[in-house]
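# Residue-level structure breakdown
Here's the letter readout for the chains.
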Amino acid sequence: MSSQEPIHHLYIHVPYCDGKCYYCAFYSEQGSDPAYGELPGVELELLQASGLKLELETLYFGGGTPVMLREEGLGRLIRELESRVPLSRVYEWSVEVTPQLMSVTLASALRGYGVNRISMGVQCFDDQVLAAMGRRHSVADTLAALGAIKSAGFENVGIDLIAGLPGVDEDGWRESLLRAVALDVTHISVYALMVDEGSVLADMVRRGVTLPNDEEQLCQLAVAEEILTAAGYGRYEISNYARPGYECRHNLAYWHGNDYVGLGPAAASRIGRQRRNNMASVAAYGAALGRGVLPPVEEETVTVDDDLTERFVFKLRLAEGGNIGEFLRKYPQAGHLAKRWGERLKRLRGSGVVMEGEDGGWRLTRRGCEVADTVCGEMYV
């Protein structure tokens, strides 16, 4: 994997959890192995030997549950990275955590390592609903974890909520949102519940569990926008709200079409027109690195047109939208696509899903946010 220009964004996947949430179909392994902390650094070294260059601005530990590695495993992971790439200039360093695993000791260790942003999966503020979805934490755990995180000195703290959970009516959803606002965190993500094949939830639905219908789910998302924006959180991306200046820079890099590298099993990378996805297997990942070779990977080189279109349509997810003229200044080779994009956006405007601002930028309307995947798909050849 070679890169002519340095890559500024690095994602580390830690594929361990203490259980499986019923709605989750992402790859993870139950339990943990502190020795895993050595492996992403080895993968990075092999990539650097093949020509990869890094000058990091953002670093993100996701999963899975990175804090399953505890202080020992996380320390090993960070030392192995630092021996191969400078971390001192990283502007934003995020770690995903879960409430039931947080403590003052762990939070202080993360702060000491240099982590400056925490993202915590809360999902809702109803113990019965949490248990029914296979979550291993309670509302009390959430409050205790947040206390530990803030006592360790973290100012940039985000939480995740899920709209459309079974058993949560509109009143319960409003209560969760108001409790989230009362926590005074800097970032709140609100995701619509998805029923993914391979998840326990998919089996539950087949057995008759009733979920909110599309209209009810859309209503909950609208309520979230109403409450969060009134509380001073800007909706800067379809599913993400932040206090001014606390937007997640790592995720913004994805939506701005920047290149990134992912390390770990199931991690994805994008460099130029090359797309790579590591095999979702800790065993295969460790075995390959133990032999001194890169782990098994699915690799694709996309066409020039698809690469440029992907980078442009990602911008449509953002409140700032996508400006064709500005995009052409960065990617002049997209000139042959600009007319087609403009025509399609004007047609979509007639359907009420996009609008053009006075600055020439195209943005999703509220209806467009509800059908964003369809809108973005219309932009491809």
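Below: a short report on this structure. (Residues numbered from 1 in each chain as written. Predicted model: local features only at pLDDT ≥ 70, side-chain atom pairs only at ≥ 80, totals over all residues. Heavy atoms only, no water.)

### Considering the sheet that holds strand β13 (residues 274-278)
Strand order across the open sheet formed by three strands is β12-β13-β14, with antiparallel pairing between neighbours. Among the strands making up the open sheet, the edge pair consists of β12 (268-271) and β14 (297-301). On average, adjacent strands in this sheet sit at an angle of 15 degrees to one another, irrespective of strand direction. Two strands pair when backbone bridges link them, and β13 and β14 are joined in this way by five bridges, in the antiparallel orientation. Residue pairing for β14: Arg275 is matched across the bridge by Glu300. (Pairing = 2+ DSSP bridges. Helix = DSSP H or I, 4+ residues; strand = E, 2+ residues; numbered from the N terminus. Axes fitted to C-alpha atoms, helices over the stretch in contact; angles between N-to-C directions.)

### Some points on helix α6 (residues 170-182)
Over its 13 residues, α6 extends 18 Å from the first C-alpha to the last, a length consistent with the 18 Å expected when each residue adds 1.5 Å. What α6 keeps buried is the set Trp173, Ser176, Leu177, Ala180 and Val181. Along α6, the residues classed as buried sweep out an arc of 135 degrees about the axis, all on the same side. Counted as exposed and oriented over 90 degrees from the buried face of α6: Asp171 and Ala182. Looking at where α6 begins, the residue whose side-chain oxygen comes 3.3 Å from the main-chain nitrogen of Asp171 is Asp169. Downstream of α6 by one or two residues, Asp184 has phi in the positive range, about 60 degrees. (Expected span 1.5 Å × (residues − 1). Buried < 20%, exposed > 50% of the residue type's maximum accessible area, 1.4 Å probe, protein only. Arc of directions from axis to C-beta. Polar contact = N/O pair within 3.5 Å; in protein donor to acceptor, adjacent residues only side chain to side chain.)

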